[in-house]
Amino acid sequence: MSAPIPVVMFGGGGHGRVLLDAVRLQGGYDIKAIVDAQPALRGEQLDGVPIVGGDEELPRLLREGTRHAVVAIGSVSNNSQRAELFARIKAMGFTFVNVVHPSAVVSPSARLGEGTVVLAGAIVGPGTVVGANVIINSRASVDHDCSIGDHVHIAPGAVLSGSVSVSDMAFIGAGATIKQGTRIGRSALVALGAAVIRDVPDGAAVAGVPAKAFDKKKGSGLA
Ligand code: JB3
C-alpha cells in the first residue's frame, strides 16, 4: 500500500472542516498543513491539522515535498476569490486533488475537473462534465448530462435536473431546484430555495418560486 500523498489545504474554516472530514474518509491523501490568510490562526489547529501561517509558507511546503493542494474556501455567493486563488496556486506548481466523500455517488461516465470536490451524499449523474475547482456540496444532486463550468459552487441540497448547464463562477444556493435543460449564466447567483424554470443570464441574480431577478446589491435575504 503506497504512502498517502501529502496535501496542503487553503482555508481553515467551516468548509475546511468539511473537506478534512471527506479527505480522511476517502483515504489516499494526508492533509499535512493548512494555510490561512488570518494571521491570528497561525499556530492553531483544525481537527488536529496545524495552521502553519499564510500563503507565504508555500515555497517552504513545496521544498519539503508537498506539491498537492485543495481549496477549502467556501464562499457563499462570490466565487471569484476562489478562482483567483486556484490560478495563483496552480502557477506556483501545485496540483489540486479531487475529494469525493465515500457516501457520494459519482457516475463512472461523469468527469470531474482538477480540484473539484463532491461532498457527503451528493450525486453526479452519467454523462455530466464538471469543470475545475467546483464545490458539489453535501446532498446536492447534479443529474445526467449536465455541464458545469469552473469555480462553480452548488450548495447543499441543490437539485439540477438533466442537461442543465452552469457557467463559470456561478453560485447555486442551498435547496435550489433547476429545471431540466436550463442555462445558468457566468457568475450568476441562484438564491437559496429558488425554483429556476428559465435561463438565468450572465451575472444575474434570481430568487423565489418561480425564480425572478433581483438586484444583487440590494440582496434578497436568501443568499
Ligand atoms: O454552507 C456551508 C455548508 N458551508 C459554508 C461554506 C460553503 O462557505 C460555510 O458555512 C461558510 O459559509 C463558508 O465556509 P468557509 O469558506 O470555510 O468560511 P470561513 O469560516 O470564513 O473560512 C474561510 C477561511 O479561508 C478563513 O479563515 C479565511 O481567512 C481563509 N482565506 C480566505 N482567503 C484564505 C484566503 N486562506 C488562504 N490561505 N488564502 C486565501 O486567499
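Per an unreviewed UniProt entry, the recorded name for the protein is Acetyltransferase, and the organism is Candidatus Korobacter versatilis. Looking at the protein in UniProt, the text filed under Sequence similarities (unreviewed entry) is "Belongs to the transferase hexapeptide repeat family."

Draft legend 1. Up close: the overall build of the protein. Along the protein, the regular secondary structure elements total 3 helices and 25 strands. For 223 residues, the compact-globule estimate of 2.2 N^0.38 gives 17 Å, and the protein sits close to it at 17 Å. Considering only C-alpha atoms, the protein reaches an extent of 50 × 40 × 30 Å along its principal axes. With 223 residues in all, the protein has 48% of them scored as buried.

Draft legend 2. Examining the sheet that holds strand β25 (residues 212-213) more closely. Strand order across the open sheet formed by 8 strands is β7-β10-β13-β16-β19-β22-β24-β25, with mixed pairing between neighbours. The open sheet terminates on both sides in strands that have one partner only, identified here as β7 (99-100) and β25. Note: strand β13 (residues 135-136) against strand β16 (residues 153-154), 2 bridges, orientation parallel. Bridged to I135 within β16 is H153.

Draft legend 3. Here's a closer look at the sheet that holds strand β23 (residues 195-196). The parallel open sheet is built from 6 strands, whose spatial order is β8-β11-β14-β17-β20-β23. Only two strands of the sheet have a single neighbouring strand rather than two, namely β8 (105-106) and β23. Pairing of strand β17 (residues 159-160) with strand β20 (residues 177-178), which is carried by 2 bridges, proceeds in the parallel orientation. Bridging across to β20, V159 finds its partner in T177.

Draft legend 4. Local environment of the pairing of strand β1 (residues 5-10). Bridge count between β1 and strand β2 (residues 29-35): 6 bridges; the pairing is parallel. Looking at β2, one finds that F10 is bridged to V35. Viewed along the sheet, the connection from β1 through helix α1 (residues 14-26) into β2 turns out right-handed. Bridge count between β1 and strand β5 (residues 68-71): 4 bridges; the pairing is parallel. Paired with F10 across the two strands is V71, which belongs to β5.

Draft legend 5. Representation of the packing of aromatic side chains. For the coordinates displayed, the defined rule picks out 2 aromatic pairs. Between F10 and F94 the ring centres are 6.5 Å apart and the planes differ by 85°, which places this aromatic pair in the edge-to-face class. A residue pair is termed long-range when its members are at least 10 positions apart, and F10 in strand β1 and F94 in the loop between α3 (80-91) and β6 (95-96) qualify at 84 residues. Taking the relative accessible area as the measure of exposure, F10 reaches 1% and is therefore buried.

Draft legend 6. A look at the domain arrangement of the protein. Looking at the protein, the domain boundaries give domain 1 (5-73) and domain 2 (97-207). Using C-alpha coordinates to define each centre, domain 1 is positioned 25 Å away from domain 2. Facing 15 residues of domain 1, the contacting portion of domain 2 comprises 11 residues. Across the interface of domain 1 and domain 2, roughly 980 Å² is buried in total on both sides, 70% from carbon and sulfur atoms. A per-residue breakdown of the area domain 1 buries against domain 2 is headed by H15, A22 and Q26, which together make up 36% of the total. Taken together, the connections running from domain 1 to domain 2 amount to 0 salt bridges. Where domain 1 packs against domain 2, one counts 3 residue pairs in polar contact (both at pLDDT 80 or more). At the level of secondary structure, the elements contributing two or more residues to the side of domain 1 that touches domain 2 comprise α1 and β5.

Rules used in this analysis
Residues numbered from 1 in each chain as written. Predicted model: local features only at pLDDT ≥ 70, side-chain atom pairs only at ≥ 80, totals over all residues. Heavy atoms only, no water. UniProt positions renumbered as here; feature names shortened; annotations may be inferred. Helix = DSSP H or I, 4+ residues; strand = E, 2+ residues; numbered from the N terminus. Rg over C-alpha atoms; globule rule 2.2 N^0.38 Å. Buried < 20%, exposed > 50% of the residue type's maximum accessible area, 1.4 Å probe, protein only. Pairing = 2+ DSSP bridges. Right-handed = clockwise from strand over helix to strand, strands pointing away. Phe/Tyr/Trp six-rings, centres within 6.5 Å; stacked < 30°, edge-to-face > 60°. Domains from an automatic or database assignment. Contact = heavy atoms within 4.5 Å. Buried area = accessible area lost by both parts, 1.4 Å probe. Salt bridge = Lys/Arg side-chain N within 4 Å of Asp/Glu carboxyl O. Polar contact = N/O pair within 3.5 Å; in protein donor to acceptor, adjacent residues only side chain to side chain.

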